[in-house]
Amino acid sequence: MPGPSEFALVLAVGLVAGTISGIVGFGASIMVMPVLVILFGPQQAVPIMAVVSILANLSRILVWWREISWRPCAVYAATAAPAAALGARTLLELPPRVVEAALGAFFLAMIPARRAVAARNLRVKLWQLAVVGALIGYLTGIVASTGPISVPVFLALGLVKGAFLATEAAASLAIYLSKAATFRALGALPSELVVAGLVIGTSLMAGSFVAWRFVLRLEPVSFRLLMDGHLLVSGVTILWISRP
């Protein structure tokens, strides 16, 4: 386990990550995962991040509780949660360096993928949301986060600002609960990693409560550049770690 100074670093990154993800709806995992990979290794970092993500999404739900759109949330979670459990099982069968390389490549690939989805200005129906939920849920079980994919999907439902942040968070909460429960059942999330995830997660929760003041102020162009920057830096960092 990392020492106090390493944990302090993760908490500082978590506070910043929680603030940013509280503004734009995702990005916490993209910022925190490289630090967790460095300190814990990829096979421990992903289970820890599942616990961290539970608290991060819970905080956004608490901030915007009254604006949650429950119907699309339930449709999405119904297929995404079991698919996430299957993805988590797949992850545990992969070699550590494959996991590192996959995480880095995934983050980099999300830059053009996010732009392509946003450019099409798609509108998603509820039955399509169930199909997409299964695909994203499975991917989320394997990698730390699929926010760059799921965010455009929920925006395509016509949700904006607090309603978008809360509904996406509530749907994602089901995924990460399923993912963490699977890791726990398979022995990949022992008590010390649960405690680490809870401690780190509190910093992200604090960031979410700071973020609500800035939600209405962020320009769309700044949002896109901010997320692409996170994806680029995190992807390159993890790929560098995974080199032979």
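Residues numbered from 1 in each chain as written. Predicted model: local features only at pLDDT ≥ 70, side-chain atom pairs only at ≥ 80, totals over all residues. Heavy atoms only, no water.

Trainee: Looking at this structure, I do not really get helix α4 (residues 70-91). What am I missing?
Mentor: Helical periodicity: at 3.6 residues per turn, an α-helix aligns residues three or four positions apart in one direction. Its 22 residues give α4 an end-to-end C-alpha distance of 30 Å, which sits within 8% of 32 Å, the value for a rise of 1.5 Å per residue. Bending of α4 peaks at approximately 35 degrees at the position of Ala77. (Helix = DSSP H or I, 4+ residues; strand = E, 2+ residues; numbered from the N terminus. Expected span 1.5 Å × (residues − 1). Bend = angle between axes of the 7 residues up to and from the residue.)

Trainee: Could you clarify how one ought to interpret the packing of α4 against helix α6 (residues 126-142) in this entry?
Mentor: For any two helices packed against each other, one specifies the inter-axial angle together with the distance between the axes. Viewed as axis vectors pointing N to C, α4 and α6 meet at an angle of 30 degrees, and their least axial separation amounts to 6 Å. As summarised for this structure, α4 and α6 are arranged roughly parallel, according to the angle between their axes. Taken as a pair, α4 and α6 cross one another with a handedness that is right-handed. Split by residue class, the contact of α4 with α6 holds 16 nonpolar, six polar and one charged. (Axes fitted to C-alpha atoms, helices over the stretch in contact; angles between N-to-C directions. Parallel < 35°, antiparallel > 145°, perpendicular 65-115°, else oblique. Left-handed = near helix turned anticlockwise from the far one by under 90°. Nonpolar A, V, L, I, M, F, W, Y, C, P; charged D, E, K, R; others polar.)

Trainee: Mind showing me how you'd approach the side chain of Asn57 here?
Mentor: Relative to the helices and strands, Asn57 resides in helix α3 (residues 42-63). Separated by 2.8 Å, the side chain of Asn57 and the backbone oxygen of Ser53 make a polar contact. Ignoring anything within four residues of it in the chain, the contact list for Asn57 reads Glu168, Ala169, Ser172, Leu173 and Tyr176. (Polar contact = N/O pair within 3.5 Å; in protein donor to acceptor, adjacent residues only side chain to side chain. Contact = heavy atoms within 4.5 Å.)

Trainee: Help me understand the nonpolar core in this model?
Mentor: For soluble globular proteins, the rule of thumb is that nonpolar side chains tend to be buried together. Met33, Leu36, Tyr76, Phe183 and Ile200 are the most contacted members of the largest nonpolar core, which has 58 residues in total. Looking at this core, the elements that each hand over two or more residues are α1 (4-24), α2 (28-40), α3, α4, α6, α7 (147-155), α8 (161-185) and α9 (191-211). The leading source of residues in this core is α8, at twelve residues. Ranked by size, the runner-up nonpolar core spans six residues in total, among them Ile30, Phe106, Met110 and Val143. (Core = buried A, V, L, I, M, F, W, Y, C linked by side-chain atoms within 4.5 Å. Buried < 20%, exposed > 50% of the residue type's maximum accessible area, 1.4 Å probe, protein only.)

Trainee: In this structure, what is going on with α6? I would like to understand it.
Mentor: The end-to-end C-alpha distance of α6 is 25 Å, a good match for the 24 Å that 17 residues give at a rise of 1.5 Å each. Listed as buried for α6 are Leu129, Ala130, Gly133, Ile136, Gly137, Thr140, Gly141 and Ile142.

Trainee: Quick question: what am I supposed to make of the pattern of salt bridges here?
Mentor: Two side chains carrying opposite charge are able to pair once their charged atoms lie near each other. Under the defined criterion, the tally for this structure stands at one salt bridge. With a closest N to O distance of 3.7 Å, Glu168 and Arg60 form a salt bridge. Of this pair, Glu168 sits in helix α8 while Arg60 sits in helix α3; the two residues are 108 residues apart in sequence, bridging distant segments of the chain. The exposure classification of Glu168 matches that of Arg60, with both residues buried. (Salt bridge = Lys/Arg side-chain N within 4 Å of Asp/Glu carboxyl O.)

Trainee: Before we go on, may I ask you to explain the packing of aromatic side chains in this structure?
Mentor: Aromatic ring pairs are reported here in terms of the distance separating the ring centres and the angle at which the planes meet. Counted according to the given criterion, the structure contains three aromatic pairs. Taking the centre distance of 4.9 Å and the plane angle of 65 degrees together, the rings of Tyr76 and Phe154 count as edge-to-face. With a gap of 78 residues between them, Tyr76 in helix α4 and Phe154 in helix α7 connect regions that are remote in the sequence. Side by side, Tyr76 and Phe154 carry an identical accessibility label, which is buried. (Phe/Tyr/Trp six-rings, centres within 6.5 Å; stacked < 30°, edge-to-face > 60°.)

Trainee: So what exactly am I meant to see when it comes to a nonpolar patch on the surface here?
Mentor: A surface patch of nonpolar side chains, about 250 Å² in accessible area, is lined by Leu58, Leu62 and Phe209. Summarising the element assignment, Phe209 is placed in helix α9. For Phe209, a relative accessible area of 39% gives the class partly exposed. (Patch = residues over 30% accessible without salt bridge, like charges linked within 9 Å, V, L, I, M, F, W, Y side chains within 5 Å. Areas by Shrake-Rupley, 256 points an atom, 1.4 Å probe, with all protein chains shown as cover.)

Trainee: When you look at the packing of α4 against α8 in this model, what are you seeing that I'm missing?
Mentor: With their axes 8 Å apart at the nearest point, α4 and α8 run at an angle of 30 degrees to one another. Considering their axes alone, α4 and α8 lie roughly parallel with respect to each other. Two packed elements cross with a definite hand, and for α4 against α8 that hand is right-handed. Of the residues contributing to the contact of α4 with α8, the split by class is 17 nonpolar, three polar and two charged.

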